[in-house]
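Summary of structural features
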Amino acid sequence: MTAPVRVVIASRLFPPEVSAGAFRLGALARLLAEQGDDVVVLTTTPPAHAPATPDAPGVDVRRWPVLRDSGGNVRGYMQYMSFDIPLLARLIGTRFDVAVAESPPTTGLVAAIIAAIKRRPLVYYAADVWTDGVISMGAPGIVVSVMRWMERAVLRRARSIISVSDEVTERLVLLGAAADRIVTVGNGIDTEIFSPDVEPASNDEYFVYTGTMSEWQQPDIFIRAFAQIAKENPGVRLRFFGQGAVEAQLKQVAEELAPGRVEFGGVVSPAESTSWIRGAAAALVSIVPGIGYDFAKPTKTYAAAATGTPVLFAGPAAGADLVRTGELGLAVDFTPEAVADAMRQLLSEAHDGTTALMRPRRAAWAQQNVSLRAVAERVARAVTQAAAARERKLETSSRRSSSGTERPTQ
């Protein structure tokens, strides 16, 4: 019987926060604990709006207060520093065999430094390519250069790099990551929570957008499209749940183009989000083409598929191909006109029974392809292999040292 591995997970995001990063790391921590490993999570004190949920059995979650923006996010240079600087001391004071660090690269770099000091392996969970992200937001050249340096430094020092898609893997290799150190695990959703069996939150007709509202998603496209069909569909509404940097802008656009028809429900629990997705005519997902995120496959797509609700995706090829090949809904160009036409078609499919007919097939696709537990199993395997590789290296070094002390007689 193998000895338990002491794993430390360093991330600003962890349940009960509602985000894809929190979900995947929560699933990883639970699975490692279930297989008998000692798991410590160094994370943040959750925001006030986070749902009250207990920590997973066997997982030692150690929280630290951090700076948050007006929406409650750890997002921005000062917010990241408020987590990363104390993380240095927190990691030094924690015993571990292997460290797992989630982006941003600032957190990865702190974990890499302490792992190197302690001569322990680092597993870096690269769910995004942050250099591409800061470029897409038009950051100054010095910021891009510093981010690229940090990201490359983390990738070079990581024993194993976890990638969520083939497209992200390609970007990581271009940044200088060694291809043989990258483990592409895919992305996933908790199919126990996101299920077609939940009760819809409402019997009204509506489209729903859930999760982050950011510059690289620009979900105002859905409001602009909805404004084109609002008069011909007086009973249909548009609902937003979540938060993000462009939320205030969305509310302003909604008030101008579709007053009284667009509702913002704030951050809700995964269970409540599931109910709203389950009852929608379609779940709305967007990626702005050409700004550095063309490779992204948003978790929103998986959440909708797991409930059997059709996806309306507006954006570039990677996300569109996922929707089309899985028959998960409609994928269209990133224009209000194309989105409006898709909204009309999806309302028609909800009325003629197509949506109900396809629901079991879409949910089955999610179970087979994007189960969060299956993804966590692949990540856990990479974590334990990184720890085992270190042990083998130490044993080899010890044998060489022992044989070197037995000098032949001169």
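Scroll up to find the structure.
Here's what I pulled together on the structure shown here. Only a predicted model underlies this, so the values are computations on that prediction, with no experimental measurement involved.

So, how was this worked out
Residues numbered from 1 in each chain as written. Predicted model: local features only at pLDDT ≥ 70, side-chain atom pairs only at ≥ 80, totals over all residues. Heavy atoms only, no water. Salt bridge = Lys/Arg side-chain N within 4 Å of Asp/Glu carboxyl O. Helix = DSSP H or I, 4+ residues; strand = E, 2+ residues; numbered from the N terminus. Buried < 20%, exposed > 50% of the residue type's maximum accessible area, 1.4 Å probe, protein only. Pairing = 2+ DSSP bridges. Right-handed = clockwise from strand over helix to strand, strands pointing away. Phe/Tyr/Trp six-rings, centres within 6.5 Å; stacked < 30°, edge-to-face > 60°. Arc of directions from axis to C-beta. Contact = heavy atoms within 4.5 Å.

**Focus on the pattern of salt bridges**
- Considering all chains together, one arrives at 16 salt bridges under this definition.
- Glu-167 serves as the salt-bridge partner of Lys-297, at 3.5 Å between the closest nitrogen and oxygen. With Lys-297 in the loop between strand 11 (282-286) and helix 10 (299-307) and Glu-167 in helix 6 (residues 166-174), the pair connects residues that are 130 residues apart, well separated along the chain.
- Overall, Glu-167 belongs to the partly exposed group, its relative accessible area being 23%.

**Structural notes on the pairing of strand 8 (residues 205-212)**
- As paired strands, strand 8 and strand 9 (residues 236-243) are joined by 8 bridges and run parallel to one another. Pairing of Tyr-209 across the sheet is with Phe-240, part of strand 9.
- Crossover handedness for the path strand 8 to helix 7 (residues 220-229) to strand 9: right-handed.
- Across 2 bridges, the pairing between strand 8 and strand 11 is parallel. Residue pairing across strands places Phe-207 opposite Ala-282, the latter belonging to strand 11.

**Looking at the packing of aromatic side chains**
- Enumeration according to the criterion identifies 8 aromatic pairs in this entry.
- Considering the side-chain rings of Tyr-80 and Trp-130, the 5.7 Å spacing of their centres and the 70 degrees angle between planes classify their relative orientation as edge-to-face. In this pair, Tyr-80 is assigned in helix 2 (residues 77-92) and Trp-130 in helix 4 (residues 130-136), connecting sequence segments 50 residues apart.
- In this structure Tyr-80 comes out as buried when scored by relative accessible area, which is 12%.
- Relative to Phe-240, the ring of Tyr-209 has its centre 5.4 Å away and its plane inclined at 40 degrees; by these criteria the two rings are tilted.

**Things to note about unusual backbone geometry**
- Residue Pro-16 is reached from Pro-15 by a cis peptide bond, and omega for that bond is 20 degrees.
- Here Pro-16 shows up in the loop between strand 1 (6-10) and helix 1 (20-34).
- Cis rather than trans, the peptide bond between Ser-103 and Pro-104 has omega equal to 15 degrees.
- Look at Arg-119: it is not a glycine, yet its phi comes out positive at around 55 degrees.
- You can see Arg-119 is positioned in the loop between helix 3 (105-118) and strand 5 (122-126).
- Of note, Gln-218 is a non-glycine position whose phi angle comes to about 40 degrees, a positive value.
- Tracing the sequence through the fold places Gln-218 in the loop between strand 8 and helix 7.
- Under the relative-accessibility criterion, Gln-218 is labelled partly exposed at 33%.

**Concerning helix 8 (residues 247-257)**
- The complete set of buried residues in helix 8 reads Glu-247, Leu-250, Val-253 and Ala-254. End-on view of helix 8: buried residues confined to an arc of 120 degrees, all on one side of the axis. Of the exposed residues in helix 8, those oriented more than 90 degrees away from the buried face are Ala-248, Gln-252, Glu-255 and Glu-256.
- Contact partners of the buried residues in helix 8: helix 7, strand 9 and strand 10 (262-264).

**Side note on the environment of Gly-244**
- Among the structural elements, Gly-244 can be located in the loop between strand 9 and helix 8.
- The spatial distance from the C-alpha of Gly-244 to the C-alpha of Arg-75 is 9.7 Å, given a sequence separation of 169 residues.

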